[in-house]
Amino acid sequence: MKISVLDQTQLLEGISAEEGFAQSVELAKHVDQLGYHRYWLSEHHSTDALAGSAPEILASHLLAKTVNIKVGTGGIMLPHYSAYKVAETFKVMSALAPGRVNLGVGRAPGGHHLSTIALQGERSKNVDIFPEQVDQVLGYFQDSLPDNHRLRGLLATPVIEKKPDLFILGTSNSSALLAAEKGLPYAFAQFINYQPGGMEQAIKLYVDNFKPSVYLEQPQVLVTMKVIVADTDEEADKIAESALRFNYYLHRGHLTRLVDAEKALSHVLNPAEKREIQALRDTYIIGSRETVAQKIKELTTKLSIDELMAMTPIYDFEQRKRSFTLLKEAVNV
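Residues numbered from 1 in each chain as written. Predicted model: local features only at pLDDT ≥ 70, side-chain atom pairs only at ≥ 80, totals over all residues. Heavy atoms only, no water.

S.K.: Residues and numbers for the layout of surface pockets, please.
M.R.: Each pocket or cavity is described by its volume, and for the largest pocket that value is around 900 Å³. For the lining of the largest pocket, the secondary structure elements donating two or more residues are β3 (70–77), β5 (165–170), α6 (173–182), β6 (186–189), β7 (221–230), α9 (241–250) and β9 (307–311). Grouping the amino acids of the lining of the largest pocket by side-chain chemistry returns 19 nonpolar, 20 polar and three charged. Considering only enclosed or pocket space, the second largest pocket measures out at about 460 Å³ in volume. Along the wall of the second largest pocket there are 24 residues; nearest its centre are Gln-190, Met-225, Asp-282, Thr-283 and Tyr-284. Listed by contribution, the elements that provide at least two residues to the lining of the second largest pocket are α7 (198–209), α8 (233–239), α11 (271–281), β8 (285–288) and α12 (289–302). Looking at the lining of the second largest pocket element by element, the count peaks at five residues for α12. Class assignment for the residues of the lining of the second largest pocket results in eight nonpolar, eight polar and eight charged. (1 Å grid on protein atoms, 1.4 Å probe; cavity = no way out; pocket = protein on both sides within 12 Å on 5 of 7 lines; lining within 4 Å. Points joined across faces, edges and corners; volume = space filled by probe spheres on them. Helix = DSSP H or I, 4+ residues; strand = E, 2+ residues; numbered from the N terminus. Nonpolar A, V, L, I, M, F, W, Y, C, P; charged D, E, K, R; others polar.)

Okay, here's the thing in structure tokens:
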């Protein structure tokens, strides 16, 4: 099974955005050397906790800093933008790094209503234009819009030999069915939708309804989960507390920076809050290399998963790099 990385450019307490991006560069180089398959970057707006407001720019920078790993977005929130401009941006990237560029697209806002208004301006609509935009991007990539398209004859430049790979991102049945209908790879964000049965149902719908296309002959499923690996189960449990604190406050409507695991959950005292934290912990893959290898084996036995993309929000950067080293070893067991 392929193993990849989702980087939310999550900022730590006490560091600058500049330092956060420098860590992303170092981490991308690290996992490239380890043989990871992809390195994706998320899009978020109007928060001091996540620095990735322009993932296509960071992706382009990382392509120049790495050698083999595929780099892309997980994702571009397409309704905010012109499909034409997105297609041209990613065609330029693909011309600079042929065969290594991914475009993951989603319909979520990646922020609150004010950032949506600021991004979309007068183009803001209540209708769902995402499926149409996906078709437009695909047409621009193939240098061919349908004869009945209102922009027929428009060319998205440059004209390139190796097109970017396009993925549909999602957390629901509707995104699964859209990816299946268009014959595109599907990336399910389990770290967002970890409701019991949600991932299983979406993947089954995608696989059962998949229509082969010029882009893909067989279903291709990527799942993104929070994965934290350390040398022992006990150490992994402890360093996971930074991420659990983030989730704890996210449930209360607050995006917070990662804090040191030593103090992350010191405020969680009553039994109800402890049960909440444990329920969150159960949605992660946490443990030693051996424990994680077993959990991944159980996951892939149950589901048709081609690729696991790890999101690893660990406060200590060296522990974060170590987690990715151990995860690669666990998958290779």
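S.K.: I'd like to hear about the packing of aromatic side chains, residue by residue, with values.
M.R.: One pass over the structure, following the stated rule, counts seven aromatic pairs. With centroids separated by 5.0 Å and ring planes inclined at 80°, the aromatic side chains of Trp-40 and Phe-167 adopt a geometry described as edge-to-face. Here the residue Trp-40 occupies a position in strand β2 (residues 38–41), and Phe-167 occupies one in strand β5, the gap between them amounting to 127 residues. Like Trp-40, the residue Phe-167 is buried in the burial classification. Judged by centre distance (6.4 Å) and plane angle (65°), the rings of Tyr-186 and Phe-188 are edge-to-face. Relative accessible area serves as the criterion here: at 0%, Tyr-186 is assigned to the buried category. (Phe/Tyr/Trp six-rings, centres within 6.5 Å; stacked < 30°, edge-to-face > 60°. Buried < 20%, exposed > 50% of the residue type's maximum accessible area, 1.4 Å probe, protein only.)

S.K.: Can you lay out the pairing of strand β4 (residues 101–106) for me, pointing to particular residues and giving the numbers?
M.R.: A large share of β4 lies buried, amounting to six of its six residues. Residues Val-101, Leu-103 and Val-105 point to one face of β4 and Asn-102, Gly-104 and Gly-106 to the other, with burial holding for every one of them. For β3 and β4, the ladder comprises six bridges, and the chain directions are parallel. By the bridge assignment, Met-77 is partnered in β4 with Gly-106. As judged from the four bridges shared by β4 and β5, these two strands associate in the parallel manner. Along β5, the bridge assignment pairs Leu-103 with Leu-166. (Pairing = 2+ DSSP bridges.)

S.K.: For the environment of Asp-316, give the residues involved together with the corresponding values.
M.R.: For Asp-316, the position within the fold is in the loop between β9 and α13 (317–332). Sequence spacing of Asp-316 and Leu-258 is 58 residues, and the spatial spacing of their C-alpha atoms is 9.6 Å. Engagement of the side chain of Asp-316 in a polar contact is seen with the backbone nitrogen of Gln-319, the distance being 2.9 Å. (Polar contact = N/O pair within 3.5 Å; in protein donor to acceptor, adjacent residues only side chain to side chain.)

S.K.: Could you give me a rundown of empty space enclosed by the protein, with the residues and numbers involved?
M.R.: Under the defined criterion, the tally for this structure stands at two cavities of 30 Å³ or more. Size it by volume and the largest cavity reaches roughly 170 Å³. Broken down by element, the residue count for the lining of the largest cavity peaks at four residues, all from helix α1 (residues 17–34). Across the lining of the largest cavity, the residue classes break down as seven nonpolar, seven polar and two charged. Considering only enclosed or pocket space, the second largest cavity measures out at about 30 Å³ in volume. Residues belonging to the lining of the second largest cavity are distributed by class as follows: three nonpolar, three polar and one charged.

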